[in-house]
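# Close look at the chain arrangement
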Amino acid sequence: MTRRVLFATASLIAAGAVTASSFSVFASRWPNGNVTLQLQLGTSAALSNGARTWGEVAEAALADWNRTIQSLQLQVVRDSTSAKGDGNSINNVFFSSDIYGMDFEANVLAVTTTWRRGSARTEADVIFNAGRSWDAYDGTLRRSPTDFRRVALHEFGHVLGLDHPDENGQAVSAVMNSHVTDLDRLTADDIAGAQSLYGSGATTGSGLGGGSVSFPPRNESLDFRNQLEAVYRDGLRRSGPSTSVDNEGAVVWTQEYLRYRVNLCAHFQAVDRVMTQIDGGGIQGVCGTAPPGQVNFPPRNESLDFRNALEAKYRDGLRRLPISTSVDVEGEVVWTQEYLRYRVNGCGHATAVQSVLTQIAGRPAPPVCR
Amino acid sequence: MFEATRAMRLTAIGAAAFGLLVLTAASAHSTSVLPPTFDELVARADEVILARVVARESSWVTSRSGQAIVTDVTFAVERTLKGEPRIQRTLEFLGGTVGDVSLTVAGIPDFQVNDRDVLFVRDTGRPASPLVGFSYGRFRVVRDATFGTDIIRTFDGRPLASLDDVGNTRPPAFLKPARVLSLDEFLREIDTALRLQGRRP
């Protein structure tokens, strides 16, 4: 194949800006147990990797996934004669020249359609483009024929519930990246993604693994912001700075920005999503599931960059008039982030407020609560 | 010819102060879709429009193989660069949510009301996605808060630094290019490509 390599000079947003690069998942998973795929791939000529049938290759790819997960196993019916159809709760895997009556574009290799009811997956069909030339081989990718095995590996990842990490602000080595490469086996990131959905029982209880991060109610965050105002005004005797962003707007949107960040959105993605919300676009999707354990926050310079963008939005976009405050924007965003860091790491409202005030008083930062 | 003008029409937007990094390698293929280049997008599109989403509605449809959910997305067309000019355009995409049932197809774009995009549309048959290359025919128009200009991002949110990046490779998301195409520059490039391809209506 023609492999084009681009060397680009780019500016690094911040040293250590990638706080949690990892897999990306859809907002649904299968219930624990077994899911059966109807393999309906037909016959093939001799394949380059020695396999005798497309089904044999598909089963090998499924076995790769199955070995990595515990609470779900993908099973197959070989040479199935089940009806092929969408929305019929049957999981079909087959070649076709169309996607249930809708046209395959020539450059589309394969499609996975997934059905869910609420957050539970109910059906997934994998359709390989019959209009393309296929083979099965390991190693270096050729432009044609396309390697069926790695495409199947990728599509079965979608069946499990994995999305494209590189389309969700992540830079990782993964079969689940949207671009096929010479990678022909699952990587650590692919496996971590699958295990976040179907790993040990301890990490699957929430339905999306250990990734969901709960932020405090906004009234509590606003209460913190009001207390911060009082400390700056009455304790530190600060006064003077003006801002176009009222306290509530500042704390609500900073919290939203951080919510996107801890759920694996890159800086610019998080900024975009918040601005879209301010424009009335509604709550946007997050970019992934935060890994279990202590929740890491972005570098403060990025949060400050967001806060400056918010200021510009309120001033230039929403035409809000300046108001006075005792808290400069840097202090506001830094301490709001600190408050939220304590909150998402197990501290209650009062403890989080006190931990921040301790730091403002010049004492060491108390530990988080888990 | 065409290549030379591209490099000259880039907008500087905030070189960050944290040093430079050299990167990256990626293949020109997608597992699901072989990404089209910019020239391929222009050539393969029956319509190219700048438009804003004004409505979206998902519904059940019956096909020969059963039931499916499709989403009709209605756009207010601000400018037509290729194809028949229209005030509104409704495009049908496979997938969507009706009640608590959702059909998702990886690679098919998800539009929200008020999204503003440059779209490369195919107008033949009944495709699962009427955009060239599924999502690859979608370019997001977003307001740059720092400079107050409209800039172009790819469907997945990456700032588009150059037309050469279309269908080529993707920098890691934590790298922010020093320059990003503005909307005006992008539209001019499309116009230029259309003239060169002799397909301007």
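To be clear, the structure that these remarks concern was listed above.
Residues numbered from 1 in each chain as written. Chains lettered and ligands numbered in written order. Predicted model: local features only at pLDDT ≥ 70, side-chain atom pairs only at ≥ 80, totals over all residues.

### A few points about the overall build of chain B
Within chain B, the secondary structure is distributed over three helices and 12 strands. Within chain B, buried positions represent 45% of all 201 residues. (Helix = DSSP H or I, 4+ residues; strand = E, 2+ residues; numbered from the N terminus. Buried ≥ 20, exposed ≤ 12 C-beta atoms within 10 Å, placed from the backbone.)

### Examining the overall build of chain A
Assigned secondary structure in chain A consists of 10 helices and 12 strands. Residues counted as buried form 48% of the 370 residues belonging to chain A. Of all intrachain contacts in chain A linking residues separated by at least 6 positions in sequence, the fraction that spans at least 24 positions is 70%. (Contact = placed C-beta atoms within 7 Å.)

### Here's the deal with the sheet that holds strand β4 (residues 91-96) of chain A
Pairing is mixed across the open sheet formed by seven strands, whose spatial order is β3(A)-β2(A)-β4(A)-β8(A)-β7(A)-β7(B)-β6(B). Two strands lie at the open edges of the sheet, namely β3 (72-77) of chain A together with β6 (96-98) of chain B, each paired on one side alone. The mean inter-strand angle of the sheet, taken between neighbouring strand axes irrespective of direction, is 20°. Note: strand β2 (residues 33-40) of chain A against β4(A), four bridges, orientation parallel. Following the sheet pairing, L39(A) is matched in β4(A) by V93(A). Against the sheet, helix α1 (residues 54-66) of chain A contacts β2, β3 and β4 of chain A, and its axis sits at roughly 170° relative to β3(A). (Pairing = 2+ DSSP bridges. Axes fitted to C-alpha atoms, helices over the stretch in contact; angles between N-to-C directions.)

### So, the sheet that holds strand β3 (residues 47-63) of chain B
Residues and elements named next belong to chain B. Read from one edge to the other, the open sheet built from six strands follows the order β5-β4-β3-β8-β9-β10, with strand pairing classed as antiparallel. One side of each edge strand has no neighbouring strand; the edge strands of this open sheet are β5 (88-94) and β10 (150-154). Across this sheet, the average inter-strand angle for adjacent strands is 35°, counted without regard to direction. Alignment of β3 against strand β8 (residues 116-121), held across six bridges, turns out to be antiparallel. Note on β8: the bridge partner recorded for E47 is V121. Against the sheet, helix α3 (residues 183-197) touches β3, β4 (66-82), β8, β9 (138-143) and β10, its axis set at about 90° to β4.

### Notes on helix α5 (residues 218-235) of chain A
Residue and element names in this part refer to chain A. Between the first and last C-alpha of α5 there are 25 Å, a value that for 18 residues agrees with the 26 Å anticipated at 1.5 Å per step. Residues of α5 that are buried: S221, F224, R225, L228, V231 and Y232. Looking straight down α5, one finds that the buried residues subtend no more than 120° of arc, so they occupy a single side. For α5, the exposed residues set more than 90 degrees away from the buried face come down to N219, A230 and D234. For α5, the secondary structure elements touched by its buried residues are α6 (247-262), α9 (329-344) and α10 (349-360). R237 sits one or two positions beyond α5 and adopts a positive phi of about 60°. (Expected span 1.5 Å × (residues − 1). Arc of directions from axis to C-beta.)

### With respect to unusual backbone geometry
With phi around 65°, S89(A) is a residue other than glycine that occupies positive phi space. With respect to the helices and strands, the residue S89(A) is situated in the loop between β3 and β4. Despite not being glycine, F134(B) shows a phi value in the positive range, around 55°. For F134(B), the location among the structural elements is in the loop between β8 and β9. Assessed through the 28 C-beta atoms surrounding it within 10 Å, F134(B) is described here as buried.

### Considering the environment of W65(A)
Following the sequence through the fold, W65(A) ends up in helix α1. Here the alpha-carbon distance between W65(A) and D190(A), two residues 125 residues apart in the chain, equals 9.1 Å.

### A closer look at the packing of α9(A) against α10(A)
All names here are of chain A. Running from amino to carboxyl end, α9 crosses α10 at an angle of 140°, the nearest separation of the two axes being 8 Å. Considering the angle they form, α9 stands oblique to α10. Here α9 and α10 pass one another in a crossing that is right-handed. In this structure, α9 uses W335, E338, Y339, Y342 and R343 to contact α10, whose residues at the interface are T351, A352, V353, S355, V356, Q359 and I360. (Parallel < 35°, antiparallel > 145°, perpendicular 65-115°, else oblique. Left-handed = near helix turned anticlockwise from the far one by under 90°.)

### So, the nonpolar core
In this structure, V57(A), A58(A), F156(A), L94(B) and I152(B) are the most contacted members of the largest nonpolar core, which totals 94 residues. Leave out the neighbours within four places in its chain, and F156(A) touches A61(A), L62(A), W65(A) and L74(A). Judged by nonpolar contacts, the second largest core, of 39 residues, contains Y260(A), A270(A), F306(A) and A145(B). (Core = buried A, V, L, I, M, F, W, Y, C linked by C-beta atoms within 7 Å.)

### Comments concerning the packing of α6(A) against helix α7 (residues 267-278) of chain A
Residue and element names in this part refer to chain A. It is at 9 Å that the axes of α6 and α7 come closest, and there the two elements cross at 135°. As judged from the angle between their axes, α6 and α7 are oblique. For the element pair α6 and α7, the recorded crossing hand is right-handed. In this structure, α6 contributes W253, E256, Y257, Y260 and R261 to the contact, and α7 contributes Q269, A270, V271, R273, V274, Q277 and I278. Grouping the constituent residues of the contact of α6 with α7 by class yields seven nonpolar, two polar and three charged. (Nonpolar A, V, L, I, M, F, W, Y, C, P; charged D, E, K, R; others polar.)

### Points about the pairing of β4(A)
Pairing of β4(A) with strand β8 (residues 120-129) of chain A involves four bridges; the strand directions are parallel. Note on β8(A): the bridge partner recorded for V93(A) is V126(A).

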